[in-house]
Structure formats: C-alpha cells, structure tokens
Amino acid sequence: MSTPDLTIHHTFLPHTDNEASLAFYRDTLGFEVRNDVEWNGLHWLTVGPVDQPATSIVLYPPAAQPGMTEEERRTVAEMMAKGTFASINLATTDLDGTFERLQSGDAEVVQEPTEQPWGIRDAAFRDPAGSMIRIFEVK
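Residues numbered from 1 in each chain as written. Predicted model: local features only at pLDDT ≥ 70, side-chain atom pairs only at ≥ 80, totals over all residues. Heavy atoms only, no water.

Here's the deal with the packing of aromatic side chains
The final tally for this structure, using the stated rule, is four aromatic pairs. The interplanar angle of 85° and the centroid separation of 5.0 Å between the aromatic rings of phenylalanine 24 and tyrosine 25 together place this pair among those described as edge-to-face. Feature note: the residues Phe24, Tyr25 and Phe31 constitute an aromatic cluster, connected by ring pairs. (Phe/Tyr/Trp six-rings, centres within 6.5 Å; stacked < 30°, edge-to-face > 60°.)

Structural data, given as structure tokens:
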C-alpha cells in the first residue's frame with residue numbers, strides 16, 4: 001500500500017472584521033492575500049505565506065455556515081470572544097524576532113516566548129477575531 005500524496009491546501013479560521021484581519025495577517029504576519037471575496041455583505045479572505053503558495057488560510061465569516069441556528073451563532077460568537085473557538089500553529093526559525101515584530105504590530109500577546117517542558121519553545125497571540133495563534137520555534 002502506497003502513502004497517499006496529501007498536503008494541507010486550505011485551513012479555515014473565523015473572522016469578524018475584514019479590515020482588522022487584513023491588517024493582522026497581511027501587515028503584521030507578512031502573509032500575502034490570495035483571494036478577497038465579498039458576497040451578500042459577508043467577506044472571505046484567503047491568505048498564506050509568500051513562499052508556500054499551496055498552503056492557505058481562509059478567513060471566513062462564521063455566520064456563513066449553512067444550517068447554523070441562531071443559538072449556535074451566539075455560542076460561536078461567545079467562544080470567539082473568549083478565544084476558545086479556533087486556533088492554528090505556525091512555525092519560525094526566529095521566534096524572538098517574530099515575537100518582537102508581532103508585539104510591535106499591536107497583536108494581543110497571550111504568552112511570551114517560553115521553553116515548554118516537552119522541549120518546544122513557543123509564543124502565543126490572538127488574532128483580531130480571538131483565534132489563538134501559537135508560534136513554534138523550529139531549527
């Protein structure tokens with residue numbers, strides 16, 4: 001049996017403010033904007049690392065989920081506000097430099113660069129919608 005040729009193409013994170021998300025992902029993180037779609041008053045942004053054109057993050061309006069009830073929408077909004085709804089892990093070879101750049105860009109710091117007991121050094125931020133962004137240092 002051969003190993004399937006699978007890659008991560010898109011991952012999805014919710015967003016609530018198109019301009020704030022654009023400023024964070026493009027201007028603060030340095031990702032390129034790959035797609036910017038507005039439909040019926042809702043906005044989707046697709047962003048990703050410049051040197052990884054096959055991997056993207058789609059920032060989507062959570063209200064666009066088909067079949068969601070109003071109660072579910074309220075629950076999602078509450079979880080997003082607390083930062084418990086969505087997360088993503090990123091990696092860098094320069095955690096301290098990345099941390100300084102994000103901190104100077106007004107990103108909400110959750111955890112400064114820290115050596116974790118399991119051998120990883122990481123830091124954590126929240127994006128404008130409250131999603132947790134952990135950044136791991138890789139050698």
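Examining the sheet that holds strand β3 (residues 42-48)
Overall, mixed pairing links the four strands, which are arranged β1-β4-β3-β2 in an open sheet. Strands with a single pairing partner mark the edges of an open sheet, and in this sheet they are β1 (10-14) and β2 (32-39). Across the sheet, the mean angle separating the axes of adjacent strands is 20° when strand polarity is ignored. The sheet contact formed by β3 and strand β4 (residues 56-60) spans three bridges and is antiparallel. What sits directly across from leucine 45, in β4, is leucine 59. (Pairing = 2+ DSSP bridges. Helix = DSSP H or I, 4+ residues; strand = E, 2+ residues; numbered from the N terminus. Axes fitted to C-alpha atoms, helices over the stretch in contact; angles between N-to-C directions.)

Here's the deal with the sheet that holds strand β8 (residues 132-137)
Adjacent strands of a sheet pair through backbone hydrogen bonds, lying either parallel or antiparallel. The four strands are arranged β5-β8-β7-β6 in an open sheet whose pairing can be described as mixed. Edge positions in the sheet fall to β5 (87-92) and β6 (108-115), since each has one partner strand and no second. Averaged over all pairs of adjacent strands, the angle between their axes in this sheet comes to 15°, without regard to strand direction. Two strands pair when backbone bridges link them, and β6 and strand β7 (residues 121-126) are joined in this way by five bridges, in the antiparallel orientation. Looking at β7, one finds that threonine 114 is bridged to aspartate 122. Set on the sheet, helix α3 (residues 95-104) makes contact with β5, β6, β7 and β8; between it and β7 the angle comes to about 15°. (Contact = heavy atoms within 4.5 Å.)

Quick notes on the side chain of serine 56
With respect to the element layout, serine 56 can be found in strand β4. Only 2.9 Å separates the side chain of serine 56 from the side chain of arginine 34, close enough to count as a polar contact. Apart from residues lying up to four places away in sequence, serine 56 is in contact with His9, His10, Thr11, Arg34, Thr46 and Val47. (Polar contact = N/O pair within 3.5 Å; in protein donor to acceptor, adjacent residues only side chain to side chain.)

Some remarks on a negative patch on the surface
Taken together, the side chains of Asp17, Glu19, Asp36 and Glu38 define an acidic patch exposed on the protein surface. By secondary structure assignment, the location of aspartate 17 is in the loop between β1 and α1 (18-28). (Patch = residues over 30% accessible without salt bridge, like charges linked within 9 Å, V, L, I, M, F, W, Y side chains within 5 Å. Areas by Shrake-Rupley, 256 points an atom, 1.4 Å probe, with all protein chains shown as cover. Salt bridge = Lys/Arg side-chain N within 4 Å of Asp/Glu carboxyl O. Lys, Arg positive; Asp, Glu negative; His and termini not counted. Charge placed at Lys NZ, Arg CZ, Asp CG, Glu CD.)

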